[in-house]
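Understanding the architecture of this molecule
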Amino acid sequence: MGYDKDSLKQIPQVDKLLKNGIITGCGLYRRETAEALREVLAKLREDIVSGATETVPADDEIAAAAVELAIRRSRRGVRRVINGTGVILHSNLGRACLPEAAVKAVMEAASSYCALEYDVEAGARGDRTSFASELLRGLTGCEAAMVVNNNAAAMLLILCSTAARGNVIVSRGEIVEIGAGFRVPDILAQCGCTLREVGTTNRTVPGDYSGVIDADTRALLKVHTSNFRIVGFSESVALKDLAVLGKDHGIPVIEDIGSGALTDIGRYGITGEPIVAESLKNGADIVSFSGDKLLGGPQCGIILGREKYIALMRKHPLYRAIRADKMTIAALEATLRVYSDPRAAERDIPVLSMLSLTEEELRARAEKLCHDIKMRGGKAEVLPVKSVAGGGAAPGLELASYAVSPVGDRSAGDCERELRLLNIPIIGRVEEDRLLLDLRTLFVDDFGYIAGAVAEMTS
Ligand SMILES: *Cc1c(COP(=O)(O)O)cnc(C)c1O
């Protein structure tokens, strides 16, 4: 082999480099920089042995390379990204962004002691969800409410506390998989319930339910088919009719409504999503939904309904294992408070403000962003597109929107990758070999950063 053994000897020691000013001043942990240094030096050794390099760079150069690598490594995990996909409730990108008031409440609850289970006025022990429950009662008219970790946990608790060792009747059209790990039959089995399927995939009528109700029936379960739609000849039993059956037989009617909109979102073009108050009004005894879907709050599962069932759930041993933490509860309380003023809700809850953006507003924003890109010497154009709510809400529904698309010789895949690998990743979507940045999910405050990145890429 023709490599220079002296070069290998000139490679500096890790301990020496760890004292280099670039390393000590970079603000990373010693272990992170040491690992990166070892990796950079190993690569250098390899390059010398293979003949790809002959000279050993200066210490500063090695240190800088190691810091760059260590910074990249430290940025893995849950970190900020810019969502240009147009999918408002993107489950892989964290679903709902919180309103500012909720962010503030989380910071406060997290950084100081907080009155989590303490009634300040009484100077005595309190309940962690009493204020959230009070707000939910006011907003939905429910008798009682509670909060757990997510909607999947809510379903576990509901079924374990009301229907264990009994039969639960579900329409065949609602025996669904909502996402990895949430399949209705598996959840029922986990709770020790026997699934009694009724009706057919596309059609179920009230008689199907009444025909199988017997002494072992513990509940009638209705599940919102959040992520798909059956079109054509199909019929499901209205909640109202189920409620009559439940009442006649003295068994609870449970409805998993999935997203749980608190306001009428039909005016934004989102149809077919159950409204929480309506579900209660139509006679559901127990209703559950997610906090981080159309409600626009933190990840949690909200259970509403009759006091007697909620009281059972509070006492169930499973509750302790799946109860919500202080940051979640603080965020939920703050988000629910915003709902007390519908105009504030539309303005301040990001999910609702994104939904409420009109085509004209989106076009104006797209043109502004495109203009910013061109001012920086880049190339892009505005295209009309369709965006979706996502997160298992309103399947098949598309909302008219506008996107900014980079222009140039590079493939859409190349552009997608370059923007995704930035310090603050910009995640777009590729359609027909065009990279689209959908204005519905972009924050105006990020336009400067996005424009700079796209200009850099296309100029
Ligand atoms: C989303 C969804 C769930 C799961 O909710 P998580 O809060 O993600 O656990 C359960 N049921 C339905 C109908 C859903 O839409």
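Parameters and conventions
Residues numbered from 1 in each chain as written. Predicted model: local features only at pLDDT ≥ 70, side-chain atom pairs only at ≥ 80, totals over all residues. Heavy atoms only, no water. Pairing = 2+ DSSP bridges. Helix = DSSP H or I, 4+ residues; strand = E, 2+ residues; numbered from the N terminus. Axes fitted to C-alpha atoms, helices over the stretch in contact; angles between N-to-C directions. Contact = heavy atoms within 4.5 Å. Expected span 1.5 Å × (residues − 1). Buried < 20%, exposed > 50% of the residue type's maximum accessible area, 1.4 Å probe, protein only. Salt bridge = Lys/Arg side-chain N within 4 Å of Asp/Glu carboxyl O. Domains from an automatic or database assignment. Polar contact = N/O pair within 3.5 Å; in protein donor to acceptor, adjacent residues only side chain to side chain.

Looking now at the sheet that holds strand 10 (residues 253-258). Strands sit in the order 4-12-11-10-9-5-8 across an open sheet of seven strands; the sheet is mixed. Of all strands in the sheet, those with a lone pairing partner are strand 4 (144-148) and strand 8 (194-198), marking the two edges. On average, each strand axis in the sheet is inclined to that of its neighbour by 25 degrees, with strand direction left out of account. Bridging between strand 5 (residues 167-171) and strand 9 (residues 217-223) involves four bridges; their strand directions are parallel. The partner of Asn167 across the bridge, within strand 9, is Thr217.

Here we come to the environment of Pro425. With respect to the helices, strands and loops of the structure, Pro425 is situated in the loop between helix 19 (412-420) and strand 15 (426-427). When the C-alpha atoms of Pro425 and Ile82 are compared, they prove to be 6.1 Å apart, with 343 residues separating the residues in sequence. With near-sequence residues (within four places) excluded, Pro425 lies in contact with Arg79, Arg80, Val81, Ile82, Leu419 and Arg420.

A separate point is the sheet that holds strand 14 (residues 399-406). What the four strands build is an open sheet, ordered 13-14-17-16; its pairing is antiparallel. The sheet is open, and its two edges are formed by strand 13 (380-387) and strand 16 (429-431), each paired on a single side. Across the sheet, the axes of successive neighbouring strands diverge by a mean angle of 45 degrees, strand direction being ignored.

The subject of this paragraph is helix 20 (residues 447-458). With twelve residues, helix 20 ought to run about 16 Å at 1.5 Å a step, and its terminal C-alpha atoms sit 16 Å apart, in line with that. Buried within helix 20 are the following residues: Phe447, Ile450, Ala451, Ala453, Val454, Ala455, Met457 and Thr458. Buried residues belonging to helix 20 abut strand 1 (82-83), helix 18 (359-375), strand 14, helix 19, strand 15 and strand 17 (434-438).

Under the criterion given, the structure shown has 27 salt bridges. Between Arg73 and Glu39 there is a salt bridge; the shortest N-O distance is 2.9 Å. Of the two residues, Arg73 is situated in helix 5 (residues 59-74) and Glu39 in helix 4 (residues 30-50); the sequence distance between them amounts to 34 residues. On the basis of relative accessible area, Glu39 is assigned to the partly exposed category, the value being 38%. A salt bridge links Asp372 to Lys368; the shortest N-O distance between them is 2.9 Å. One end of the pair, Asp372, and the other, Lys368, are both in helix 18, four residues apart, so they sit about a helical turn from each other. Connected via shared salt-bridge partners are Glu117, Arg125, Arg128 and Arg323.

Take the domain arrangement of the protein next. The assigned domain composition of the protein is domain 1 (5-74), domain 2 (82-91 + 353-458) and domain 3 (100-348). Each of domain 1 and domain 2 has a C-alpha centre, and these two points are 38 Å apart.

Time to look at the side chain of Thr335. When you line up the elements, Thr335 lands in helix 15 (residues 326-338). Of note is the side chain of Thr335, whose polar atom sits 2.7 Å from the backbone oxygen of Ala331. Contact partners of Thr335, with chain neighbours within four places excluded, come to Leu98, Pro99, Ala102, Leu295, Gly296, Gly297, Pro298 and Ile349.

Right, let's talk about unusual backbone geometry for a bit. Despite not being glycine, Arg95 has its phi angle at roughly 50 degrees, a positive value. Within the secondary structure, Arg95 sits in the loop between strand 1 and helix 6 (100-111). Judged by its relative accessible area of 25%, Arg95 falls in the partly exposed class. With phi around 65 degrees, Arg165 is a residue other than glycine that occupies positive phi space. Tracing the chain through its elements places Arg165 in the loop between helix 8 (151-163) and strand 5.

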